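# Analysis of the macromolecular model
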Amino acid sequence: MSPALVLALIAVAMLVIAVVLIAAISGRRRDDTVAPSAAAAVTPAAPPIEQDAEAAQQRALAFAAELRGTLTTGQLQETIATKLPPLLGIDRLWLETTLGGRRKMIAAPIVGEGIAAAIHPLVESPGEWATFPLRSADGVVGVIGLPSAPRPLTPAARRAMASLAPLLGDCLQTAHTIAHLRELSTIDSVTGCSTRPDGVERLRAELKRAHRANQQVAVLMLDLDYFKSINDRYGHQGGDSVLAAIGNTIMQTLRVSDLRCRWGGEEFLVALPESGLDQAKRVALTLARRIAATVTEYDSARIQLTTSVGITIALPGEEDLEAVLARADAALYRAKADGRNCIRVVLANPDHASAAAPPSAPLPFRDRRDPEQPDRRQYRGPGRRATDFVRSDRPRPTDVAAAGEARVRATPA
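What you see is a predicted model; the values in this text were computed from it and never measured.

Time to look at the nonpolar core. Ranked by internal contacts, the top residues of the largest apolar core, which has 30 residues, are Ile80, Leu84, Ile144, Leu146 and Leu168. Listing elements by their share of this core, those giving two or more residues are α2 (46–68), α3 (73–88), β1 (93–99), β2 (102–108), β3 (129–136), β4 (139–147) and α5 (155–186). Ranked by residue count, the leading element in this core is α5, at nine residues. Within the second largest apolar cluster, 29 residues are counted, among which are Phe227, Val242, Ile250 and Ile303.

Structure follows, in structure tokens:
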């Protein structure tokens, strides 16, 4: 073999080796570039999980802030029913607590108003529930139930509920306190009637409503006769027992829509919406008789009292609260001056009343308080006072004296 041929073979062999080496190096570089890209494709999967956890935490914080800002039971119920299920990843829940001395049930979703919304999920259909107690500093204030079937509650929902349960307990306790304070400010603790400030506001609102509806409002002022002798003989505890019994009698005699207010001491204010003078006389006579028949047993004594009643009528369009109260007060003092245990009436001058506040024009739409419509109080049912229904065989009194109000005296204890 000639030296030239040998050199040619050597050159070809070296070329082949070089090609193989280049191919090997290129393949290694390709692997090195593919591996980091694959790793880069896998590692971004972690941030979405972290982002979901962070988003859930942000939602929980937003729910907690909104829950802290609720001051009324209605806002609290709406916040829990609409915001908590999506936060926990469930479609329904229920919560039981006590608000204002009454048992309260909050259910989600809210299916409507009235009876339909008050159906408890536990009795609506069979199911399995995971319950969590809601605690506050004063103890357990409620319990919440989350569905655990057909699929179990997720660990994330359990962790979220464990974190939110103390917050829900504190918010419920705050709602309890607010409801209690509101009740103390509007309800007299002795008689169960409205307090004087609440009675003034409600009477002012009733006069405005009567103005819009072109209706009358009867206002009665009651004063228990010789009540000071009860306090002097039996003490203030005995007097409070008598006031509590009289307050209960007034509450049971009047309608739910009637205003009954402890005006001060042994005086009571009563307002009868959509009532004229005849209805006011019947109600006053019934109140006087039932109060005289109310027996309070205290310290082995049976205590009975009579009452004096003053009546006035707020005419349609009359919104002068002070003038209405002054007439009712004048009628009451006239009853006391006439010997007590009687009913007297002081009415406004129709000319002055019409000049001061003319009745409003008829509403452009059909109003449910249209005076031409049948009186809805003629239908018996809950919340209706017995004096709204007059028997046809019983003559209706046309005068206060004819009503026999001066004859309803009862023998004092």
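What follows continues from the structure just given.
What follows covers the pairing of strand β5 (residues 217–224). With eight of eight residues buried, β5 lies mostly within the body of the structure. On β5, burial covers both faces: Val217, Val219, Met221 and Asp223 on one face and Ala218, Leu220, Leu222 and Leu224 on the other are all buried. One ladder, built from seven bridges, connects β5 with strand β7 (residues 267–273); its direction is antiparallel. Paired with methionine 221 across the strands is leucine 269, a residue of β7.

The next point concerns the packing of aromatic side chains. Applying the stated criterion to the full structure yields two aromatic pairs. With a centroid separation of 6.2 Å and an interplanar angle of 70°, the aromatic rings of tryptophan 94 and tryptophan 129 are classed as edge-to-face. Remark: tryptophan 129 occurs in strand β3 and tryptophan 94 occurs in strand β1; sequence separation between them is 35 residues. There is no split in this pair, since tryptophan 94 and tryptophan 129 are both buried. Residues tyrosine 234 and tyrosine 298 carry aromatic rings whose centres are separated by 6.4 Å and whose planes lie at 85° to one another, so their mutual orientation is edge-to-face. Separated by 64 residues along the polypeptide, tyrosine 234 in helix α7 (residues 227–253) and tyrosine 298 in strand β8 (residues 296–298) bring together distant segments of the chain. With relative accessibility at 17%, the residue tyrosine 234 sits in the buried group. We note arginine 196 situated over the ring of tryptophan 263; from NZ or CZ to the ring centre the distance is 4.0 Å. The ring of tyrosine 226 has arginine 340 sitting right over it, with the charged end atom 4.7 Å from the ring centre.

For strand β10 (residues 307–314), a buried count of eight out of eight residues is recorded, marking the element as mostly surrounded by other parts of the structure. Strand direction decides the pairing type here: β5 and β10, joined by eight bridges, are antiparallel. Bridged to alanine 218 within β10 is isoleucine 313. Relative to strand β11 (residues 343–345), β10 runs parallel, the two being bridged by three bridges. What sits directly across from valine 309, in β11, is isoleucine 343. Read from β10 through helix α9 (residues 321–337) to β11, the crossover connection turns out left-handed.

Turning our attention to unusual backbone geometry. Each neighbour pair has its own omega, and for alanine 149 with proline 150 the value is 10°, a cis peptide bond. Residue placement: proline 150 occurs in the loop between β4 and α5. With a phi close to 55°, aspartate 299 is a non-glycine residue in the positive phi region. On the basis of relative accessibility, which here comes to 60%, the residue aspartate 299 falls in the exposed class.

Looking now at the environment of phenylalanine 268. Relative to the elements of secondary structure, phenylalanine 268 occurs in strand β7. When its relative accessible area of 1% is taken as the criterion, phenylalanine 268 is described as buried. Phenylalanine 268 sits 18 residues away from isoleucine 250 along the chain, and the two C-alpha atoms are 9.4 Å apart. When sequence neighbours within four positions are dropped, the list of residues in contact with phenylalanine 268 reads Thr191, Cys193, Leu220, Met221, Leu222, Leu224, Leu243, Ile246, Ile250, Cys261, Arg262 and Trp263.

Counting through the fold element by element, threonine 97 comes out in strand β1. Take threonine 97: its relative accessible area is 4%, and that puts it in the buried class. A polar contact is formed between the side chain of threonine 97 and the backbone oxygen of valine 141, at a distance of 2.7 Å. Aside from chain neighbours lying at most four places away, what touches threonine 97 is Arg102, Arg103, Lys104, Val141, Gly142, Leu172 and His176.

Calculation rules
- Residues numbered from 1 in each chain as written.
- Predicted model: local features only at pLDDT ≥ 70, side-chain atom pairs only at ≥ 80, totals over all residues.
- Heavy atoms only, no water.
- Core = buried A, V, L, I, M, F, W, Y, C linked by side-chain atoms within 4.5 Å.
- Buried < 20%, exposed > 50% of the residue type's maximum accessible area, 1.4 Å probe, protein only.
- Helix = DSSP H or I, 4+ residues; strand = E, 2+ residues; numbered from the N terminus.
- Pairing = 2+ DSSP bridges.
- Phe/Tyr/Trp six-rings, centres within 6.5 Å; stacked < 30°, edge-to-face > 60°.
- Lys NZ or Arg CZ within 6 Å of the ring centre and 35° of its normal.
- Right-handed = clockwise from strand over helix to strand, strands pointing away.
- Contact = heavy atoms within 4.5 Å.
- Polar contact = N/O pair within 3.5 Å; in protein donor to acceptor, adjacent residues only side chain to side chain.

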